[in-house]
Structure formats: C-alpha cells, structure tokens
Amino acid sequence: MTDKRSPYHACAPALALLPTCAVTVFVLWPLVNIFSRALSWDVISRMATNVVIRQVLWFSTWQAIASTAITLLVAFPATYVLARFQFIGKRMLLALVTIPFVLPTVVVGAAFLALLPDSLHRSVVAILLAHTYFNIAVVVRMVGRRWEQISPLINDAAGTLGASPFTIFRTITVPTLATSIRSAAAVIFLLCFTSYGIIRILGGPARATLEVEIYTRAIQLGDLSGAAVLSLFQLLVLGSAMWWWIHTSHRSVPLARIQTYSAVPHNFRQRLIVYGISTTTACIIVIPLITVFVRSVSTGAGLSLDAWRLILGNHATGLGTRPPLGAFWISLQYAIATAILAGVVGLAASGAIAYGGRRIGQLEILVMLPLATSAVTLGLGLLITFDSGIIDLRSRWIMIPIAHSLVALPVVVRTMLPVIRSVPHGIRDASATLGATPWQMWMTVDRSLISRAWVTSLAFAGAISLGEFGASSFLTRRTSATLPTEIARLLARPGNLVQAQAYVLASLLIAFIAAFLVAVDGLRPDRVAV
Amino acid sequence: MLHVADISVSLDTIEIFHDLSLELATGEIVSLVGPSGSGKTTLLRAIAGLQPLNAGKIFVGSRDVTEVPTYRRGIGMVFQDNQLFSHMSVFDNIEYSLRISGVNKISRRQRVAEMLRLVGLDDLGQRTTMQLSGGEAKRVAVARSLVAEPSVLLLDEPLTGLDGELHQRLLNDLSVLIRSRGITIVHVTHDHNEARQLSDRIVDIRSLSR
C-alpha cells in the first residue's frame, strides 16, 4: 500500500536511489557473482543426488517446523498476559523476553550448552529448546501487538450475543490474530530454517542446516560451486516465504481503531494467571542467562574469577591471538557504524516506499532481499566479490559494518515503514494550509512523529551488529574478530579456563544488549489502560 | 420484566451509584437521561453482566440473573460505537448469535436476510464492516442484536454521532422496528427529543438512587 496523497511524492525517486544502489552493489552483485562463477548443471545434479544434502534439507525443514510449533505454544501464555494486562513489572518482562532474540545466536547456543546436561549436548532437543528460547519474542511482539489492539468491548459485544469466553476466543480472538500468528510462524520458520550460530554450537558434526552446510562447503571443504547451489536453493525457498509473508501481512483484519487496551487484573484468579505466567516466563528467560554467568566463574577447580581477570586485564588467551577484550571494542565500533549506515539507508528506503507510488513501492521487496538471502550467503558473496581486483574492500574496516547494515536493513525498514505510513494526512493538510512547504511540513510534522521509531531502529541495527555471526564468520580476520566470532572460537577450544573466557565475553554481551533493550523500550509510547 | 433492585457499582474505588432501582414492564421502553459521568452506560453494563455489582440484584422476569454470566442472560446490547466484528462481513456479523447458538444454516440465512431487509440493508450483506457508512454500521449493530431475539435490549446512545437528517431517519426506523417486536428496552441518551420519540417513559438516572 503506497501513500498516493503524500505531498512528498516527488521526492520518492531521489530517496529510492541510495537504498537501490546499496542493495544492488552489496547484495545483488555478489549474488550474481556467486552464481555466475560457480553454477553449472553438473554441480546441480551432483548436489541433487547427494544423500548428505538430502539429509541436510530434511533436517533443516523438520526442525524448523517443530521449532515453530513449540515456540508458538510456549510463547502464547506470555503473549496473552503481556497484551491484555497491566501489572507491576510488565515493562521489565517485555524487555526480558526480547533479550534472547537480540542475543547473538552463538550466545544462545552457549547458554544451552552450559545449561543442559552432557547427555543432551549436540542433540535435537538442545536445538529445539534453543530455537524456542530465541524466538519467544517474535510471538510476543508480533501477535501481542495485534492482541493488545483488540478492544475488550468487542468481547463484551460477543458476550451479549450469547458467546461464552471460549466461543469468544475461538470466533473473535483467534480470527483477528490469525494473520499475525501466520506472520510470526513464517518469521520463526525462516529464522530456524536458516539457523546458523545455534546449530554450529549445538548441532555437532551430525546435524547441519543448509546454512551450516554452505559454510562447511565454502570455507572448510573449498567446494564453492556446491555452496553456491545450496545458496541458490535457499534463496528460492526464503524468497518465496518472504513474498508470501509480505503479501499476507498486508491482509490483516482491520480494527475499528488503532489503540491499545490492557486492564489491571481485578480478581484473585486473574492475578494468579498474570503473575504465575509472568514469573514462569521470567524464569525461562533468565535461567539460561544466569547459567552463562555461572559458567564464566567456573574453571574446573571450583568458582574463580580468573577468566574475568584475564579478559578485563586484556591478556591474550595464550593461543597466539590478540586479547579477547579487543573484540568488544571492535564490535562496539562496528555497531555504531552499522546503526548510522542502516539508519540512513533504511530511512531513505522507508520514505521512498511510503511516499512513492506503486512502482517505487516495489523497493520494499528489494530491501527485504538481505533477509531472504541469509547472512551466510551474504558473507560468502561479499567475500568473493570484494576480496580482489580494483575493489578490495575485504581488508577495509568498513566491510563488516556494510555487511551488518545489510542484515539490519529489513528490520529498520519494517520498524520505520508502519510509523511513516500512519502519520495522519489531516495534520499534513493543516500544516499546508498554514503555509508550510513540503520540507517545512516534513521537518515540523513527520519528523517529530517518526523520530522515536527511527531511534528505535538505530538501536535495533546496533544490537543486530553486536550479535551478527553469519556474515562475520566469513569476513572477520583474527585482527578484526567480533565478539560472537571470538566467543565461538574460544568455545571450540579445550580447557575450562578458555571456555570460561568465552562465557565472560558472552556475559558482557548479554549485559550490553539488555541495557540497549531497556533503553529502546523506554522509547515506546504509553499504552491506554481501561 | 426487568427489575434492577438496589444495586451499587464502583469503578476502581469510586462509587458510581448506590442502591439504584429500576423496574420495566414487558415491552416497555424506558429512556435513561442524565449528565455525563452519572453512570448511564455503567448501569447498562451492570444489567448486561459486564460490570460486577457491589450489592443488589437483577431479575429478568422472575429469574435472578445477578450471578449469571453475560452470555447466558439473554440480554442484548447495542454499543455506542457499534463494536462490529471487523473480521466478518455484514452478513456474518448479523448471523453470529444464530451460528453460535446452533441454529441450522437454512434458518440462519432466512432470518439474516429478513433482518437485513427490515433494517434496509438488503444489498450490503457481503460488505466488510469497514465499507459501511456511520448510519449503515448503526443499522447492522441493531440488526445483530435483534436477530438474537433478546428478552431485554440495552441501547447505549445508539444514534450518537449521526447528523440531523440521518439521525431523524434512523430514529424513525428504529422506533418502528423495536415497537413492532415488543421487546423490553432500556435506552440511554443525551437527547431529550430522541428519548420522547422512542420511549414510553423518561427517567433521570439521578432519581433512581436512594
């Protein structure tokens, strides 16, 4: 849906230029490069008849379906409580359930490695649990946002027509939520199908998703053509899913008015439900995080702060590498650069899509491409394309923020676009009748209404950069390692003290991202309590 | 038919009314008037079972419905802002109560078609609720409540927000429609003209509390 009445219509082509160039140069070109260099029918038939590849495909698919179903079930009670009630600690709980989603997948994998008994390490159960933990926020945010907009008066109206609470849930609540449930399921499926960090840590050699197989073939086996075939196949699957997601998310049931409703639990039964579910959810979220910290002070000979001293003292790990704390500062610089790059490109893209006509609106599909491409394919493409010749960007510091910005771009656009579209025409018209030029109108009306969403999207882009692992595992070098790549490297080494150092870095990352989220949540507009 | 006996209601810690009583005969239409904040809507919600009572009883006929949940009271309500189900068509909205109470499909279709004809929306059954004008949405809300054949119908400012001519036309239609059905009705309004035209009796809510 595009904004034909927008007074900024004429600016849309200029706004579209920057994101179009960015995605063309840093996504489309690398993709074309991968496929044109390595693709041939011989390779395709070799991969199609390969038993291992079939096993990888089957595992990628079924674990993604199972993870999606389990996540929807586990997250539903928390979603209900957070959407329908006002209670002490609600904002804290909302921030808490969001933490796993923005944690690096490597940290989530490490947390479950620390939490689960040895018998469940490198098991399907561990993978499903970690995927569920990681994706709870998707259900809470996507379904919850819709749920909190359902007026309680609609339920009252159904009640006066003879509908019992269960009938109301079945005939009013579920159909109204159906689109957001489908969207959340599609997002979770995509994330689990392309799972990389969690599988690298918890899957072991016997279990690989397509994403892990692409990495293994490209980096460990040097089978670039095989990796390219898998990337192409994954691109087709994810592209189809993305297309379906974008189209179904436009078809949501319109609500009479966009307002949020939540009530204070008013009797003992409601208080029991609200605080029981909240406490259980908080425990589910917090326990793996605490376990990471506990492991950071466990070095085999009981509790010890040796790992913290080594990291905070910025000593080398004794493995011939630079001090791990350096990765923390490098990650922070990348995060700031990513926030700026993704913020600027994302704002331009969102503006072009919202203000332009149907044709420029197609840019939405283009900027969603990095999501469908997957971070690993993106990293592989950038590595091949910018590693040599006249454009040797790989050795440049900016390469990683560029890759992270591309990963963050769909999130920035998805955060900004609904807000830009929701600016009422009426106040723009009023501004115009008072003599404001389109530029003055944008600066005085639109800018103030979208600035919170923009700052939120910058924070999300920064958090994504901090946790990004897929593209980074292709592009970082020893001297430019990020926190997640450093954590994965340390976890792969033997020795309690080295592993404890991985958990120290993970603890720092958790604390940093938690602070990020609390700040972002503070930017959300207040709800209407009834 | 409807007997509200000495009820008291609080919202949060504020008592909205105390020991309020009201009695309506079968088929009687009573308009409740009073200033904003005097508890007119709260009284309707209490009668419908949507608002807990601090004290008192509510009877429909000889049946004490005080502890009966809303969906079993047989009391219909037209809300001030309609509260149509936006994920359903006009037809599905009106059909809703018949469907959930297990009325067979043929009978449902007949009754909904009849109701659409009565409210003058014969051709709009397949429209979404978002495609309706203010007046059409009001008609759908009334039709949806009437098709359930409630023994008592509560009208919460059903014509608020409609302009002069449309307001008058809908008021005439509503008056004919509800009188032909002989339903007991409590009608809340700010508009004394509307109250005079629609009801048998006008009551100031402030006069109902002891």
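Residues numbered from 1 in each chain as written. Chains lettered and ligands numbered in written order. Predicted model: local features only at pLDDT ≥ 70, side-chain atom pairs only at ≥ 80, totals over all residues. Heavy atoms only, no water.

Our next topic: the confidence of the model for chain A. Residues and elements named next belong to chain A. Summary statistics for chain A give a mean pLDDT of 84 and a share of 91% for residues scoring 70 or more. Mean pLDDT values for the elements of chain A range from 76 in helix 19 (residues 425-433) up to 93 in helix 3 (residues 51-84). Overall, residues 526-530 carries pLDDT values under 50, and its contacts beyond four positions in sequence, including any with other chains, amount to 17 contacts. (pLDDT = per-residue confidence, 0-100. Helix = DSSP H or I, 4+ residues; strand = E, 2+ residues; numbered from the N terminus. Contact = heavy atoms within 4.5 Å.)

So, about the interface of chain B and chain A. With 22 residues of chain B at the contact, the number on the chain A side is 24 residues. Of the roughly 1900 Å² buried between chain B and chain A on both sides combined, carbon and sulfur atoms contribute 68%. In this assembly, chain B and chain A are joined by 1 salt bridge. In this structure, B:Arg45 and A:Asp156 form a salt bridge, with 2.9 Å as the shortest nitrogen-oxygen distance. Inspection of the chain B/chain A interface yields 3 residue pairs in polar contact (both at pLDDT 80 or more). Those elements that place two or more of their residues in the side of chain B that touches chain A are helix 1 (40-48), strand 6 (75-78), helix 2 (90-100) and helix 4 (134-146) of chain B. The residue makeup of the side of chain B that touches chain A, split by class, is 12 nonpolar, 7 polar and 3 charged. (Buried area = accessible area lost by both parts, 1.4 Å probe. Salt bridge = Lys/Arg side-chain N within 4 Å of Asp/Glu carboxyl O. Polar contact = N/O pair within 3.5 Å; in protein donor to acceptor, adjacent residues only side chain to side chain. Nonpolar A, V, L, I, M, F, W, Y, C, P; charged D, E, K, R; others polar.)

Along an α-helix, residues three or four apart share an orientation, since each turn contains 3.6 residues. Residue and element names in this part refer to chain B. Here helix 3 (residues 105-118) is 14 residues long and its end C-alpha atoms lie 20 Å apart, about the 20 Å a rise of 1.5 Å per residue gives. The set of residues buried in helix 3 consists of Arg108, Val112, Met115 and Leu116. Considered in projection along helix 3, the buried side chains sweep an arc of 100 degrees and stay on one side of the axis. Facing away from the buried surface of helix 3 by more than 90 degrees, the exposed residues are Ile106 and Gln110. Considering only its buried residues, helix 3 is in contact with helix 2, helix 4 and helix 5 (164-181). Backbone nitrogen of Ile106 and a side-chain oxygen of the N-cap are separated by 3.2 Å at the start of helix 3; the cap is Asn104. Among the residues trailing helix 3, Gly120 stands out with phi positive, at a value near 75 degrees. (Expected span 1.5 Å × (residues − 1). Buried < 20%, exposed > 50% of the residue type's maximum accessible area, 1.4 Å probe, protein only. Arc of directions from axis to C-beta.)

What follows deals with the sheet that holds strand 3 (residues 29-33) of chain B. Residues and elements named next belong to chain B. With respect to topology, 5 strands assemble into an open sheet ordered 6-7-8-3-9, the strand pairing being parallel. Pairing within the sheet leaves two strands with one partner each, and these edge strands are strand 6 and strand 9 (201-204). Going across the sheet, the axis of each strand differs from the next one's by a mean of 20 degrees, ignoring polarity. (Pairing = 2+ DSSP bridges. Axes fitted to C-alpha atoms, helices over the stretch in contact; angles between N-to-C directions.)

Time to look at the pairing of strand 3 of chain B. Residue and element names in this part refer to chain B. In terms of burial, strand 3 is largely enclosed, as 5 of its 5 residues are buried. Taking every second residue as pointing to the same face, both faces of strand 3 are buried, with Ile29, Ser31 and Val33 on one and Val30 and Leu32 on the other. In terms of strand pairing, strand 3 meets strand 8 (residues 184-188) through 4 bridges, oriented parallel. Residue Val30 lies in a different strand from strand 8, and its bridge partner there is Val186. Both strand 3 and strand 9 contribute to a ladder of 4 bridges, which runs parallel.

Residues and elements named next belong to chain A. The tally for this structure, following the rule as stated, stands at 21 aromatic pairs over all chains. Centroid distance Phe328 to Phe512: 5.6 Å. Interplanar angle 85 degrees. Geometry classified as edge-to-face. Taken together, the residues span a long stretch of sequence, with Phe328 in helix 14 (residues 325-355) and Phe512 in helix 23 (residues 496-521) at a distance of 184 residues. You can call Phe328 buried: its relative accessible area is 12%. On the basis of relative accessible area, Phe512 is assigned to the partly exposed category, the value being 28%. Among the aromatic residues, those joined into a ring-pair cluster are Phe76, Tyr80, Phe85, Trp147 and Phe169. (Phe/Tyr/Trp six-rings, centres within 6.5 Å; stacked < 30°, edge-to-face > 60°.)

Moving on, we get to a nonpolar patch on the surface. Residue and element names in this part refer to chain A. On the surface, Leu18, Ile336, Ile340 and Val344 cluster together into a nonpolar patch covering about 360 Å² of accessible area. Looking at the nonpolar patch, the element that brings in the most residues is helix 14, giving 3 residues. A relative accessible area of 43% places Val344 in the partly exposed class. (Patch = residues over 30% accessible without salt bridge, like charges linked within 9 Å, V, L, I, M, F, W, Y side chains within 5 Å. Areas by Shrake-Rupley, 256 points an atom, 1.4 Å probe, with all protein chains shown as cover.)

A few words now on the state of the cysteines. All names here are of chain A. Evaluated as defined, the whole model comprises 0 disulfides over all chains. The structure places no disulfide on Cys11, whose sulfur is separated from the nearest cysteine sulfur, that of Cys21, by 17 Å. On the accessibility criterion, Cys11 (41% relative accessible area) is partly exposed. Residue Cys21 is classed as partly exposed on the basis of its relative accessible area of 42%. (Disulfide = S-S within 2.5 Å.)

Evaluated as defined, the whole model comprises 18 salt bridges over all chains. Taking the shortest distance from any N to any O, the salt bridge between A:Arg414 and A:Glu364 comes out at 3.1 Å. Placement of the pair is A:Arg414 in helix 18 (residues 399-421) and A:Glu364 in helix 16 (residues 363-373), with a sequence separation of 50 residues. In this structure, B:Asp200 engages B:Arg179 in a salt bridge whose closest nitrogen and oxygen atoms are separated by 3.0 Å. Here the residue B:Asp200 occupies a position in the loop between helix 6 (192-198) and strand 9, and B:Arg179 occupies one in helix 5, the gap between them amounting to 21 residues. Salt bridges here are not isolated pairs; linked through shared partners, they connect A:Arg46, A:Glu213, A:Arg217 and A:Asp223.

This brings us to the sheet that holds strand 4 (residues 55-60) of chain B. Residue and element names in this part refer to chain B. The antiparallel open sheet is built from 4 strands, whose spatial order is 2-1-4-5. Edge positions in the sheet fall to strand 2 (14-24) and strand 5 (63-64), since each of these pairs with one other strand and no more. Where strand 4 and strand 5 come together, 2 bridges link them in antiparallel fashion. Pairing of Phe59 across the sheet is with Asp64, part of strand 5. Of the strands in this sheet, strand 1 (2-11), strand 2 and strand 4 are in contact with helix 1, which crosses strand 1 at around 115 degrees.

All names here are of chain B. Buried residues dominate strand 7 (residues 152-156), accounting for 5 of its 5 residues. Neither face of strand 7 is exposed, since Val152, Leu154 and Asp156 on one face and Leu153 and Leu155 on the opposite face are all buried. Sheet topology places strand 6 next to strand 7; 4 bridges connect them, and they run parallel. Each residue of the ladder has a partner; that of Val78, found in strand 7, is Leu155. Each parallel crossover has a hand, and for strand 7 linked through helix 5 to strand 8 it is right-handed. (Right-handed = clockwise from strand over helix to strand, strands pointing away.)

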